[in-house]
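What follows is each chain in one-letter form.
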Amino acid sequence: MPIVNMKQMLADAAAGGYGVGCYSTLNLEMTMGAIKAAEETNTPIMIQVPEMRAAHSPLHMIVPLCVSAAKASKVDICVHFDHGATVENIQKVLDMGMTSVMIDKSHSPLDENIAITKDVIARAHKVGATVEAEIGCIGRTEEGMDSPVVYSDVDQCIRMVEETGIDALAVGIGNIHGVYMSEPKLNFEVLQNIAKSVNVPLVLHGGSGISPEDFRECIKYGIRKINIATASWQAMIHHAREYLADPKANFFGLNEALVAGTYEQVMIHNKVFSMK
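A quick note: this is a predicted structure, and the numbers were derived from the prediction, not measured.

A. Seen up close, the pairing of strand 2 (residues 20-24). Buried residues dominate strand 2, accounting for five of its five residues. Alternating residues of strand 2 divide into Val20, Cys22 and Ser24 and Gly21 and Tyr23, and every residue in both groups is buried. Here strand 2 pairs with strand 9 (residues 223-228) via four bridges, running parallel. Bridging across to strand 9, Cys22 finds its partner in Asn227. This β-α-β element, strand 2 to helix 2 (residues 28-41) to strand 3 (residues 45-50), shows right-handed connectivity.

Listed below in structure tokens is the structure:
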């Protein structure tokens, strides 16, 4: 199957009333686990490389790996750049074949967010890639620093969509990055108001820890792309610890354990996102 961009994948999800899992990958094992699960269930997915993790997974190494793996997959795979902070790095990953990018200027004034997003859209659309932007403030930053939850403002969402022609929009409805210290409290009224006001697929960041019931409510009200990262990392650590407890543990078995961690989480979440 060909590597694809985000736009058609999320359009199909909207038509079918389901969500698409977007799974962070930082290495070979995570990429293998995610695509293995997608192929076994014949489910298109997105795999994403977060710019914030480039110190651990250099872009010039991890991006070609993901692009190559997607091209060889038996199902449609979109390769996405998560929380791109700089136009320079976004251009780099586009040049390396990524089919989707996120420009995150949600902490900047709205006019600046719109202007930079328009620049990124021009660059991405030129090579057939698609773009996600963000309005609002998702609790806890990618660096793990606490930040106040600021719900996405409907009027700002409308401006972003109308003035940029964005392909997908990430919204803040009480979701946070990383581990939820208490039960997530998502504001579905905010989500519904945004979904009624803009005609683009909506994106939910901070998916790890949200209940199946809340995921289904989000999908019901317009969320089409759902990011999962922490759940996979935690599962990988669990599988690795269990395996390494065996005195006969070896590198190749550890490799399989790490693959199994991500595979497990993609299988679990895809079942929920399919709305079946």
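B. Inspection of the pairing of strand 9 at higher detail. For strand 9, the buried fraction is high: six of the six residues fall into the buried class. Of the pairings in the sheet, the one linking strand 8 (residues 202-204) to strand 9 comprises three bridges and is parallel in character. Across the sheet, Val203 pairs through a bridge with Lys225, a residue of strand 9. Between strand 8 and its parallel partner strand 9, the chain crosses via helix 8 (residues 212-220), and the hand of that crossover is right-handed.

Calculation rules
Residues numbered from 1 in each chain as written. Predicted model: local features only at pLDDT ≥ 70, side-chain atom pairs only at ≥ 80, totals over all residues. Heavy atoms only, no water. Buried < 20%, exposed > 50% of the residue type's maximum accessible area, 1.4 Å probe, protein only. Helix = DSSP H or I, 4+ residues; strand = E, 2+ residues; numbered from the N terminus. Pairing = 2+ DSSP bridges. Right-handed = clockwise from strand over helix to strand, strands pointing away.

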